[in-house]
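Take a look at the letters that make up each chain.
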Amino acid sequence: MSNPLGTVLLYIDGSESSITAAQLAIAMAKAYGCSLRAMYVVNENLLAELLKAKVFVQMEKMDYERDLEEDGKRYLNYIVKLADRKGLQIETILRKGVVHEEVAREAEDCAADLLVQGELGEVLSLRDSFYEEGERILRKVKCPVMVVRGADRIERMFDDL
Amino acid sequence: MRLTDYIGPEHIKLDLEGTDKQEVIEELVEHMSEHCSRCDADTLFEAVMNRERDGSTGLEKGIAIPHAKCDAVDKLRIVVGISKEGVDFEAQDGQPSHLFFLMIAPTTESGPHVQAIAKIVKMIKIDGFREKLLKAERPEQIIEAIERVENGEQ
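Small disclaimer: the values here were computed from a predicted structure and weren't measured.

Rules behind the numbers
- Residues numbered from 1 in each chain as written.
- Chains lettered and ligands numbered in written order.
- Predicted model: local features only at pLDDT ≥ 70, side-chain atom pairs only at ≥ 80, totals over all residues.
- Contact = placed C-beta atoms within 7 Å.
- Helix = DSSP H or I, 4+ residues; strand = E, 2+ residues; numbered from the N terminus.
- Nonpolar A, V, L, I, M, F, W, Y, C, P; charged D, E, K, R; others polar.
- Expected span 1.5 Å × (residues − 1).
- Buried ≥ 20, exposed ≤ 12 C-beta atoms within 10 Å, placed from the backbone.
- Arc of directions from axis to C-beta.
- Pairing = 2+ DSSP bridges.
- Axes fitted to C-alpha atoms, helices over the stretch in contact; angles between N-to-C directions.
- pLDDT = per-residue confidence, 0-100.
- Parallel < 35°, antiparallel > 145°, perpendicular 65-115°, else oblique.

**Here's the deal with the interface of chain B and chain A**
Where the parts come together, the accessible area they lose is often given as the size of the interface.
Moving on, step 1. Opposite the 19 residues of chain B that make contact, chain A presents 19 residues.
Moving on, step 2. Those elements giving two or more residues to the side of chain B that touches chain A turn out to be helix 3 (110-123) and helix 5 (139-150) of chain B.
Moving on, step 3. Here the side of chain B that touches chain A takes 8 residues from helix 3 of chain B, the largest share from any one element.
Moving on, step 4. Residues of the side of chain B that touches chain A, tallied by class, amount to 9 nonpolar, 7 polar and 3 charged.

**Structural notes on helix 5 of chain B**
All names here are of chain B.
Moving on, step 1. For helix 5, with 12 residues, the first-to-last C-alpha span of 17 Å sits near the 16 Å given by 1.5 Å per residue.
Moving on, step 2. Inspection of helix 5 places Ile 142, Ala 145, Ile 146 and Val 149 among the buried residues, and these make up the whole buried set. For helix 5, the arc enclosing every buried residue in end-on projection is 95°, short of the 170-degree limit, so these residues lie on one face.
Moving on, step 3. Structurally, helix 5 contributes buried residues whose contacts are with strand 1 (12-13), strand 4 (77-87), helix 3 and helix 4 (129-135).
Moving on, step 4. Positive phi appears at Gly 152, one or two residues downstream of helix 5, with a value of about 75°.

**Quick look at the sheet that holds strand 1 (residues 7-11) of chain A**
Residues and elements named next belong to chain A.
Moving on, step 1. Judged by pairing direction, the sheet is parallel, and its 5 strands sit side by side in the order 3-2-1-4-5 without closing on themselves. In the strand order of this sheet, the two ends are held by strand 3 (91-97) and strand 5 (145-147), each with one partner. Averaged over all pairs of adjacent strands, the angle between their axes in this sheet comes to 25°, without regard to strand direction.
Moving on, step 2. In terms of strand pairing, strand 1 meets strand 2 (residues 35-43) through 5 bridges, oriented parallel. The residue bridging Thr 7 from the neighbouring strand is Ser 35, located in strand 2.
Moving on, step 3. Along the sheet face, helix 1 (residues 16-32) touches strand 1, strand 2 and strand 4 (114-117) and points at about 165° away from the line of strand 1.
Moving on, step 4. In the packing of helix 2 (residues 44-52) onto the sheet, the strands contacted are strand 2 and strand 3, and the crossing angle to strand 2 comes to about 10°.

**Some remarks on unusual backbone geometry**
Moving on, step 1. A positive phi angle, close to 65°, is found at Lys 54 of chain A, a residue other than glycine.
Moving on, step 2. Here Lys 54 of chain A shows up in the loop between helix 2 and helix 3 (58-85).
Moving on, step 3. The phi angle at Lys 61 of chain B is positive, at roughly 55°, despite the residue not being glycine.
Moving on, step 4. Structurally, Lys 61 of chain B is set in the loop between helix 2 (41-54) and strand 2 (63-64).
Moving on, step 5. Classification of Lys 61 of chain B by C-beta neighbours within 10 Å gives partly exposed; the count is 15.

**What about the confidence of the model for chain B?**
Moving on, step 1. When pLDDT is averaged along chain B, the result is 92, and 99% of the positions lie at 70 or above.
Moving on, step 2. In the model output, the complex is listed with pTM 0.85 alongside ipTM 0.87.

**Quick notes on the packing of helix 3 of chain A against helix 3 of chain B**
Moving on, step 1. Between helix 3 of chain A and helix 3 of chain B, the least distance of the axes is 9 Å, while the angle of their chain directions is 125°. Comparing their axes, helix 3 of chain B and helix 3 of chain A come out oblique. Across from Tyr 64, Asp 67, Leu 68 and Asp 71 of chain A in helix 3 of chain A, the residues of helix 3 of chain B making contact are Ser 110, Gly 111 and Val 114 of chain B.
Moving on, step 2. Grouping the constituent residues of the contact of helix 3 of chain A with helix 3 of chain B by class yields 3 nonpolar, 2 polar and 2 charged.

**Considering the environment of Glu 85 of chain B**
Moving on, step 1. With respect to the helices and strands, the residue Glu 85 of chain B is situated in strand 4.
Moving on, step 2. C-alpha separation for the pair Glu 85 of chain B and Glu 60 of chain B, spaced 25 residues apart in sequence, amounts to 16 Å.

**Digging into the environment of Tyr 40 of chain A**
Residues and elements named next belong to chain A.
Moving on, step 1. You can see Tyr 40 is positioned in strand 2.
Moving on, step 2. Sequence-wise, Tyr 40 and Asp 13 are 27 residues apart; in three dimensions their C-alpha atoms are separated by 6.1 Å.
Moving on, step 3. For Tyr 40, the contacting residues outside a window of four places in its chain are Ile 12, Gly 72, Tyr 75, Leu 76 and Leu 94.

**Here's the deal with helix 1 (residues 21-34) of chain B**
All names here are of chain B.
Moving on, step 1. For helix 1, spanning 14 residues, the distance from its first C-alpha to its last is 20 Å, which sits close to the expected 20 Å at 1.5 Å a residue.
Moving on, step 2. Within the span of helix 1, buried status applies to Lys 21, Val 24, Ile 25, Glu 27, Leu 28, Val 29, His 31, Met 32 and Ser 33.
Moving on, step 3. Packed against the buried residues of helix 1 are strand 1, helix 2, strand 4 and strand 5 (97-105).

Written out as structure tokens, the structure reads:
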């Protein structure tokens, strides 16, 4: 029987919760011999909305886009180092676009057996729940999704790994 | 991210006295400077005014979100200000601005900065939220209103 968790895709957004998700994904990859891919998406949609609302001007939007890309590289490098500390090599993917669509596309392209992500963000209203990125990813991807909670417990487990 | 991690009662100024855009921004950055170690008010003022020169951050319905990136702050800093009289902030609808969210973040913290701005833009669209903030008589009432929204209670 082939490994049911052959490829695990980890989505990170730089939040503490996504770092917790990364720790669990690394532990799982090590325990079950999975291939792990970590992904960050520059949220172009959000920037476009702020431009449309005239909170941002065009130049500023482009400036923030570059900043977020740099943030993404930094977060992914951090995850690579976390994995390296546990003797694991991972692949990283940095994309720009509509977050849930990019994550769903990558999950399909790499034939992910599991998507791991951090806690869902708080929602401001029922309508808002449809716009929260974590929720959108849950609705969009076709593979199983693991939403990771319990930072303290996972951190202890990761340290003991 | 939760806005209430960044906004405490000390970050709220209910009685802005400025009568024009420049005076209001001065008051807001001075308030930020008082509650943020090593933030120089003049540097913050320059950063915000530079941004305003590219286009006003005065939105509709009396709201303005003046913001800037500036390494004079150690992390994302937010000050909420209310002007009872209202000032001409070159708003999109031409109406006076009453409710101000000043947001300044260092260049290395664009992620939280963008998220915080987006969250405020969403919040001010919620029925009754803007009115609740404008009616506040104490800073704690503003925190409570934001918390209620963040907890999904409104």
